[in-house]
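Residue-level listing of the chains:
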Amino acid sequence: MTAAGDGPWLDDAAGRLVRPFTVSNGRTRPTVALDLLSQVRATGATPFGYLGPEHAQALDLCRAPVPVAEVAAHLRLPVAVTKVLLADLLECGALTDKPPAFHHNPTDRALLEAVLDGLRRQL
């Protein structure tokens, strides 16, 4: 078993000792809309109030722009929990976010037909 300051509390046989939703105080919905591909980055501002160790780990991961999905993977937490943590950091000014830029119209008929043709070739 790892020490409390060494990262997530894991036990090789039992798995995670702290349940994921305990990390977010049972909250399942972030207060800020975040996409999986949204880029988050630390602002350098010191967060006010108490933040848990997972908040500190997330903030450390965000020294350079990183997608929300990647933060969740590094923290080994469900995306819903990670979004709650990141929303906390956004609200206190410790993070900034940038939504993903889509250069294609997702309802473009030509694009949808090309995807469909590609899928048919795979089958």
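Going along each chain's sequence as written, the residues are numbered from 1 onward. Two thresholds apply to this predicted model, a pLDDT of at least 70 for residue-level local features and 80 or more for giving and counting side-chain atom pairs, whereas whole-chain, interface and lining totals are computed over all residues. Each side-chain value is worked out from all heavy atoms of the structure, with water and hydrogens disregarded.

### Re the pairing of strand β3 (residues 39–42)
What counts, and what does not: At least two DSSP bridges between two strands are required for those strands to pair. The way it works is that DSSP assigns letters per residue, a run of H or I at least four long becomes a helix, a run of E at least two long becomes a strand, and they are numbered from the N terminus.
Looking at chain direction, β3 and strand β4 (residues 66–67) are connected through 2 bridges and run antiparallel. Within β4, the position partnered with Q39 by the bridge is P67. As paired elements, β3 and strand β5 (residues 95–98) share 4 bridges and run antiparallel to each other. Each bridged residue has a counterpart across the sheet, and for R41 the counterpart in β5 is T96.

### Focus: the nonpolar core
As a reminder, the rule being used: We call a set of buried residues a nonpolar core when its members are Ala, Val, Leu, Ile, Met, Phe, Trp, Tyr or Cys and they connect through side-chain atoms within 4.5 Å of each other. Burial here depends on accessible area, computed with a 1.4 Å probe over protein chains only, as a share of the maximum for the residue type. Under 20% is buried, over 50% is exposed, and the range in between is partly exposed. Contacts are residue-level and defined by heavy atoms, with any inter-residue pair within 4.5 Å sufficient.
With 18 residues, the main nonpolar core has V40, C62, V71, L86, L89 and L95 as its most contacted residues. Of all elements in the fold, only α2 (53–61), α3 (68–75) and α4 (79–91) reach the threshold of two or more residues within this core. Examining the composition of this core, we find that 5 residues originate from one element, α4, more than from any other. Beyond its immediate stretch of four places on either side in the chain, L89 contacts L51, H55, A58, L59, A94 and L95.

### Brief notes about the environment of T31
Mapped onto the elements of the fold, T31 is located in the loop between α1 (20–23) and β3. Residue classification places T31 among the exposed positions, given a relative accessible area of 56%. Those residues in contact with T31 that sit more than four places away from it in its chain are A87 and E91.

### A word on α3
To keep it simple, the criterion reads: Note that the arc is defined by the directions from the helix axis to the C-beta atoms.
Residues of α3 that are buried include every one of V68, V71, A72 and L75, and no others. End-on, the buried residues of α3 take up no more than an arc of 100°, which puts them together on one face. Taken from the residues just after α3, R76 is the one with a positive phi, measuring 60°.

### Notes on α4
Every α-helix winds through 3.6 residues per turn, so residues three or four apart in the chain are directed the same way. Operational definition: To estimate the expected span of a helix, subtract one from its residue number and multiply by 1.5 Å.
Over its 13 residues, α4 runs 18 Å from end to end, which matches the ideal 18 Å to within 8%, given 1.5 Å per residue. Counting buried positions over the 13 residues of α4 gives 10, a clear majority of the element. Buried within α4 we find V81, T82, K83, V84, L85, L86, A87, D88, L89 and L90. Backbone geometry just after α4 places G93 at a positive phi near 85°.

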